[in-house]
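Notes for the structure review
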Amino acid sequence: MEVLRVKITSPYNSLLRSSNASLVDQIYSLSKMLKSYAEQLLQKYLNSQGYPFNWSGFNPKLTPIPGLPEAEEQVLENLSKTECLQQDYIACVSISKFLAVVLEEQKDLNPLDTDLLKRLTESPAQIRGMASNLNDFMTVMSIPIPDVTLQSIQSPSSSFDKKVFGYHVCKTYYEWMLWMEKEFALMNRS
């Protein structure tokens, strides 16, 4: 009986070399940390908005927000690794701008909630840090950095709609960090 040896390769192997492993590890660690921060932000956001947002069964139907990229795992899994990294970058840059709008809205809606305002103040800088790491990684890998230009972000006019808008942005931030943690966990194991 002959034994065949098969080497199974990850789709990320072509992107990785030992010199890039530390950068992948850094991005993976950052994605885990930001996923935790984004989850805490989302929970704090919901609890700060009052009823029905702080109700355990709250799950409104969300319509797409122009310029806010959705983290649709089924779509992202079917992209090339280059396209996926570019979408990660676009999401980070875009979400940081949307979080800044949510912060301004919450200054009016919840001016006394210092913990929420602090988290919303810190979050855009944190996700811009992720964008910077992605930029460095893509540069090393010779992957073109996408140009991210957003039109002005239109905030809803009613208080309730502003709260839903903020929920949507915070939820999207969490979903992207959840996706990126999975993505870079695969790269980290390669």
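Look above for the structure.
On a predicted model such as this, the values are computed, not experimentally measured, just so you know.

Turning next to the overall build of the chain. Regarding its fold elements, the chain presents 5 helices and 0 strands. In the chain, the order of α-helices and β-strands from amino to carboxyl end is α-α-α-α-α. When each of the 190 residues of the chain is scored for burial, the buried share is 44%. Across the chain, every contact between residues at least 6 apart in sequence was considered, and the portion connecting residues at least 24 apart equals 87%. Here the chain has roughly 10,500 Å² of accessible surface; of this, 51% comes from carbon and sulfur atoms.

Here we come to the packing of helix H4 (residues 114-140) against helix H5 (residues 159-189). In the contact formed by H4 and H5, the axes pass within 13 Å of each other and the chain directions differ by 30°. For H4 against H5, the interelement crossing comes out left-handed. Where H4 approaches H5, its residues Leu 120, Ser 123, Gln 126, Ile 127, Met 130, Leu 134 and Phe 137 are matched on the opposing element by Cys 170, Tyr 173, Met 177, Met 180, Phe 184 and Met 187. Counted by class, the contact of H4 with H5 contains 11 nonpolar, 2 polar and no charged residues.

Looking now at the packing of helix H3 (residues 81-109) against H5. With their axes 9 Å apart at the nearest point, H3 and H5 run at an angle of 150° to one another. As the angle between them shows, H3 and H5 are arranged roughly antiparallel. You can see that H3 and H5 cross each other, and the crossing is left-handed. Its residues placed into classes, the contact of H3 with H5 shows 20 nonpolar, 4 polar and 5 charged.

Before going further, it helps to examine the pattern of salt bridges. Scanning all chains against the criterion turns up 7 salt bridges. For Asp 113, the salt bridge identified is with Lys 44, shortest N-O distance 3.4 Å. Of this pair, Asp 113 sits in the loop between H3 and H4 while Lys 44 sits in helix H1 (residues 18-48), and the two are 69 residues apart along the sequence.

Glancing now at the side chain of Glu 105. Within the secondary structure, Glu 105 sits in helix H3. One buried charged residue, Glu 105, forms no salt bridge at all, with the nearest opposite charge on Lys 162 at 5.5 Å. Among residues more than four places away in sequence, those in contact with Glu 105 are Ser 155, Pro 156, Lys 162 and Phe 165.

Of the volumes computed, that of the largest pocket is approximately 280 Å³. Along the walls of the largest pocket sit 18 residues, with Pro 64, Ile 65, Pro 66, Gln 154 and Phe 165 positioned nearest its centre. Among the elements that take part in the lining of the largest pocket, H5 stands out by supplying 4 residues, more than any other. Residue classes in the lining of the largest pocket are distributed as 10 nonpolar, 6 polar and 2 charged.

It is worth spelling out the environment of Tyr 89 at this point. Looking at the element boundaries, Tyr 89 is found in helix H3. Spatially, the C-alpha atoms of Tyr 89 and Leu 134 are 6.3 Å apart, while their sequence positions differ by 45 residues. Aside from chain neighbours lying at most four places away, what touches Tyr 89 is Ala 131, Leu 134, Asn 135, Met 138, Ile 145, Pro 146 and Val 148.

Quick look at the packing of aromatic side chains now. Overall, the coordinates contain 5 aromatic pairs when judged by the stated rule. Aromatic side chains Phe 53 and Phe 160 sit 5.4 Å apart centroid to centroid with 50° between the ring planes, which places their arrangement in the tilted category. Here Phe 53, found in the loop between H1 and helix H2 (73-77), pairs with Phe 160, found in helix H5; they are 107 residues apart in sequence, far enough to count as distant. Residue Phe 53 is classed as buried on the basis of its relative accessible area of 2%. Pairing Phe 98 with Phe 165 gives two aromatic rings, centres 6.1 Å apart and planes at 40°, and the pair type is tilted. On the criterion of sequence distance, the pair formed by Phe 98 in helix H3 and Phe 165 in helix H5 is long-range, its members being 67 residues apart. According to the relative accessible area criterion, Phe 98 is buried, its value standing at 1%. Overall, the relative accessible area of 5% leaves Phe 165 in the buried class. The structure contains a cluster of three or more aromatic residues connected by ring pairs, namely Phe 53, Phe 58, Phe 160 and Tyr 167.

The rules behind each value
Residues numbered from 1 in each chain as written. Predicted model: local features only at pLDDT ≥ 70, side-chain atom pairs only at ≥ 80, totals over all residues. Heavy atoms only, no water. Helix = DSSP H or I, 4+ residues; strand = E, 2+ residues; numbered from the N terminus. Buried < 20%, exposed > 50% of the residue type's maximum accessible area, 1.4 Å probe, protein only. Contact = heavy atoms within 4.5 Å. Areas by Shrake-Rupley, 256 points an atom, 1.4 Å probe, with all protein chains shown as cover. Axes fitted to C-alpha atoms, helices over the stretch in contact; angles between N-to-C directions. Left-handed = near helix turned anticlockwise from the far one by under 90°. Nonpolar A, V, L, I, M, F, W, Y, C, P; charged D, E, K, R; others polar. Parallel < 35°, antiparallel > 145°, perpendicular 65-115°, else oblique. Salt bridge = Lys/Arg side-chain N within 4 Å of Asp/Glu carboxyl O. Lys, Arg positive; Asp, Glu negative; His and termini not counted. 1 Å grid on protein atoms, 1.4 Å probe; cavity = no way out; pocket = protein on both sides within 12 Å on 5 of 7 lines; lining within 4 Å. Points joined across faces, edges and corners; volume = space filled by probe spheres on them. Phe/Tyr/Trp six-rings, centres within 6.5 Å; stacked < 30°, edge-to-face > 60°.

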